[in-house]
Amino acid sequence: MRNPPSTTEVLSVSAADGTGLSVYRDTPVRPRPGGATVVLVHGASVTADLWRVHARHLTGLGLTVVRYDQRAHGHTPRGQAPLTIRQLADDLHQILTHVVPAGPLVLAGHSLGALVLQELAALHPQHQARIRGMVLLSATARGASVLPGRDPRLALGRRT
C-alpha cells in the first residue's frame, strides 16, 4: 500500500548562539486528530535524511514528523558554541519551543541522538509532561535515571 502524500517544510530555527538550525517538518495531508508529533534525532556523521523513509511511513499514518540536522551536520553549521551534548540538547529545546510549542510528543534518537534526548529530558523538564514515548536506538545510558529523584524501575511498574 502506498503512503498518502505529505508536505515537507524546510525551516530555520535560531539557536541561543544565533546558529541557524535546519529543521524539516513533514506534515500528512490527512493528519490524525490528537496525534503526537514525532521528533527524530540523528546520530553522528549522518543527517536528517537518515529518517526520510521513516518520516514517509509516519506521515502515512497521519502523524507530523519533525527532524533536523544537528549542529555541524548537513545544512546546520557548527556555530560558535562548544560542541557538547548539553549544547545539542539546548538546540533541540529551541526547536521544540519554536516548531512544536504544544501537543504530545514521541521522541526517537539514534546513537548521539539518543544521548541528546536523554540530556533534553534532564535539562528541560518543561517538556516531560508532553512526552508520550521515547525511543533510544543504539544508545548509551546517560545515567541510572534521567528523571532526578525517580527510580526508573517505578516507571516500569516494578518496585524491586
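You'll find the structure just up there.
No experiment lies behind these values; they were computed from the predicted model shown.

*Asks:* Provide a residue-level description of the packing of helix α2 (residues 85-99) against helix α3 (residues 112-123), including the pertinent values.
*Replies:* Contact geometry for α2 and α3: axes closest at 8 Å, N-to-C directions at 75°. On the basis of the axis angle, α2 is roughly perpendicular to α3. Residues Ile85, Arg86, Leu88, Ala89, Asp90, Leu92, His93 and Leu96 of α2 lie in contact with α3, whose contacting residues are Leu112, Leu115, Val116, Leu117, Glu119, Leu120 and Leu123. Grouping the constituent residues of the contact of α2 with α3 by class yields 11 nonpolar, 1 polar and 3 charged.

*Asks:* Explain the sheet that holds strand β2 (residues 20-28) to me, and be specific about the residues and the numbers.
*Replies:* Pairing within the open sheet is mixed, and its 6 strands lie in the order β1-β2-β4-β3-β5-β6. Each edge of the open sheet carries a strand with a single partner, namely β1 (6-14) and β6 (131-137). Adjacent strand axes in the sheet meet at a mean angle of 20° when their direction is disregarded. The pairing of strand β3 (residues 37-41) with strand β4 (residues 64-68) spans 5 bridges and is parallel.

*Asks:* Outline the nonpolar core, supporting the account with residue identities and numerical values.
*Replies:* Val39, Leu92 and Ile95 are the most contacted members of the largest nonpolar core, which totals 22 residues. Counting only elements with at least two residues in this core, the list comes to β2, β3, β4, α2, β5 (105-110) and α3. By residue number, the principal contributor to this core is α2, which donates 6 residues. Membership of the second largest hydrophobic core comes to 8 residues, among which are Leu40, Trp51, Ala55 and Val65.

*Asks:* Before we move on, can you summarise unusual backbone geometry with the specific residues and values?
*Replies:* The phi torsion at Ala72 lies on the positive side, around 70°, for a residue other than glycine. Looking at the secondary structure, you find Ala72 in the loop between β4 and α2. The partly exposed category is assigned to Ala72, whose relative accessible area is 40%. One non-glycine residue with positive phi stands out, namely Ser138, at about 50°. Locating Ser138 in the fold gives a position in the loop between β6 and α4 (152-155).

*Asks:* Break down the layout of surface pockets for me, with residues and values.
*Replies:* In this model, the second largest pocket occupies a volume close to 170 Å³. Together, Ala36, Val38, Leu40, Trp51, His54, Leu58, Leu63, Val106, Ala108, Val135 and Leu137 line the second largest pocket. Put simply, the parts of the chain that give the lining of the second largest pocket at least two residues each are β3, α1 (52-60), β5 and β6. Residue composition of the lining of the second largest pocket, by class: 10 nonpolar, 1 polar and no charged.

*Asks:* So what's going on with the side chain of His127? Which residues, and what values?
*Replies:* Along the chain, His127 turns up in the loop between α3 and β6. Residue His127 is classed as buried on the basis of its relative accessible area, which comes to 5%. Of the polar contacts made by the side chain of His127, one reaches the side chain of His93; its length is 2.8 Å. Those residues within four positions of His127 in sequence are excluded, and the remaining contacts are His93, Leu96, Thr97 and Leu120.

Analysis parameters
Residues numbered from 1 in each chain as written. Predicted model: local features only at pLDDT ≥ 70, side-chain atom pairs only at ≥ 80, totals over all residues. Heavy atoms only, no water. Axes fitted to C-alpha atoms, helices over the stretch in contact; angles between N-to-C directions. Helix = DSSP H or I, 4+ residues; strand = E, 2+ residues; numbered from the N terminus. Parallel < 35°, antiparallel > 145°, perpendicular 65-115°, else oblique. Contact = heavy atoms within 4.5 Å. Nonpolar A, V, L, I, M, F, W, Y, C, P; charged D, E, K, R; others polar. Pairing = 2+ DSSP bridges. Core = buried A, V, L, I, M, F, W, Y, C linked by side-chain atoms within 4.5 Å. Buried < 20%, exposed > 50% of the residue type's maximum accessible area, 1.4 Å probe, protein only. 1 Å grid on protein atoms, 1.4 Å probe; cavity = no way out; pocket = protein on both sides within 12 Å on 5 of 7 lines; lining within 4 Å. Points joined across faces, edges and corners; volume = space filled by probe spheres on them. Polar contact = N/O pair within 3.5 Å; in protein donor to acceptor, adjacent residues only side chain to side chain.

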